[in-house]
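For reference, the chains in residue letters:
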Amino acid sequence: MTNSPDEPTAAKLRNKVVDQLINDGTIVSPGVEAAMRTEPRHLAVPDATLEEAYSTYDAVVTKYDEHGISTSSVSAPQIQAMQLEQAAIQPGDRVLEIGSNGPNAAYADALAGPGGQVTTVDIDPDPAARAERYLTATGHTRVNVLVADADNGVPEHAPYDAVIVTAGAWDIPAAWTEQLNEGGRLVVPLRINGLTRSYGFVRQGDHLVSTSAHPCGFVAVQGAGSHKEELLYLRGNKEIGLRFDEGLPADPSLLDGVLRTPRVETWTGVTVGRTENIGSLQMYLATMVPGFCIMSVDPDLNTSTVEPSNLGFSMAAVDGADFGYVLVRRTPDDKNVEYGVHAFGPAAAVFAQALADHISVWAKEHRGGPGPRVAVYAAGTPDDRISGDRIIDKQHSRISVSWSAA
Ligand SMILES: C[S@@+](CC[C@H](N)C(=O)[O-])C[C@H]1O[C@@H](n2cnc3c(N)ncnc32)[C@H](O)[C@@H]1O
């Protein structure tokens, strides 16, 4: 690699990325720092410029589907470093990476060392081939590269001390837990009610317990585990769409004509600075408000019947024939914003107040806190074995979310 004519410039850019990731708090361990200062990741993306290959917060997309949606990328250095820190790979560890392309498997191999074993698997032969080429060129020949749907994990190289999933999942297949050693770590970008966080889980017997969670974006899991949100339009013309990630409301027809009812407005008195991270409010509402969904408004069809602060993404909820969404307005000094709720339907005032109360509870009890404790149990685990404020049932797993224990 040092023979590459690009190497001196690449080394400079690489060190700049790592310095930035140390400064922003993403890289905290010497092992991750050393691996990222060394790996010539640009060789995995020969069609990208060096600046693109070493852009701290940007992925390099390597494949699109027929609709122009990205299906594969070399993840952004920040995302890779964040997940490697969550995985806490030690020398001698056996590691499974789900989703290949090369650089991240190479970092894992550097961390696991000669006594460890890294396996990377991709459902698509193209990223697997890219990984194979990169790992051979950079001397990471110990890494196993496979083509398979990782819904079943990779039993032939299990058990693992760490499994890192690098595609966005909606569910946790049993194999991912079962193929971990006791105390092993599963790092996975998991979507709960439309919100994706990269969770760091630790296996404790038959279940997983979260130790960290960070907002992130990933290409979606394909194959048996792929899962699409369901869309409900509040009017036939597709102006206002509600996206439900955990199933549509029991009787969506109750909402027919809801937008013809008067709009009720409630303000909460809860204000936040423009730079405050409100990820935990989103998570709180997504996990604690029944009927939570995400509203988007088509700007070309917008009649201003609803007036969210962000047309593309607003937290919303449905309960029977009532519907409401969260919005903000500027405080009089223009320094902060205040949360409020708009609601429609026969019990709009009560519904608006209920949503507003959730925001107030978040502000009082969870703002600035660590977020919820999330645990993952196999589907079929009885309720009395699971503690938590809310259980979210997926196909293969039951996810418990505890705000009280956080
Ligand atoms: C972000 S890319 C992986 C990037 C890689 N970890 C890196 O940065 O070096 C995500 C990959 O996950 C793969 N993938 C999606 N669903 C999968 C599945 N069910 N099993 C295995 N791989 C899958 C995609 O084909 C894609 O190549």
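**Student:** Whenever I open this one, the domain arrangement of the chain confuses me. Can you help?
**Tutor:** The accessible area lost on association of the parts is a frequent measure of interface size. Taken as a whole, the chain is organised into domain 1 (7-221) and domain 2 (230-366). For domain 1 and domain 2, the distance between their C-alpha centres works out to 35 Å. With eight residues of domain 1 at the contact, the number on the domain 2 side is ten residues. Roughly 890 Å² is buried in total at the junction of domain 1 and domain 2, and carbon and sulfur atoms are behind 52% of that figure. It is N193, L195 and R197 in domain 1 that bury the most area against domain 2; as a group they hold 62% of the surface buried on that side. Counting the contacts that link domain 1 with domain 2 gives one salt bridge.

**Student:** Hey, could you run me through the pattern of salt bridges in this one?
**Tutor:** A side chain of one charge can pair with a side chain of the opposite charge when the charged atoms of the two come close. Under the defined criterion, the tally for this structure stands at 19 salt bridges. K63 is the salt-bridge partner of D126, the closest N and O atoms lying 2.7 Å from each other. Taken together, the residues D126 in helix 6 (residues 125-137) and K63 in strand 1 (residues 60-64) connect sequence positions 63 residues apart. Its salt-bridge partner being R191, residue D245 comes within 2.7 Å of it at the nearest N-O pair. Taken together, the positions of D245 in the loop between strand 11 (240-244) and strand 12 (264-273) and R191 in strand 7 (residues 180-192) put the pair 54 residues apart, joining distant regions of the chain. Of the residues examined, D245 reaches a relative accessible area of 2% and is grouped as buried.

Calculation notes
- Residues numbered from 1 in each chain as written.
- Predicted model: local features only at pLDDT ≥ 70, side-chain atom pairs only at ≥ 80, totals over all residues.
- Heavy atoms only, no water.
- Domains from an automatic or database assignment.
- Contact = heavy atoms within 4.5 Å.
- Buried area = accessible area lost by both parts, 1.4 Å probe.
- Salt bridge = Lys/Arg side-chain N within 4 Å of Asp/Glu carboxyl O.
- Helix = DSSP H or I, 4+ residues; strand = E, 2+ residues; numbered from the N terminus.
- Buried < 20%, exposed > 50% of the residue type's maximum accessible area, 1.4 Å probe, protein only.

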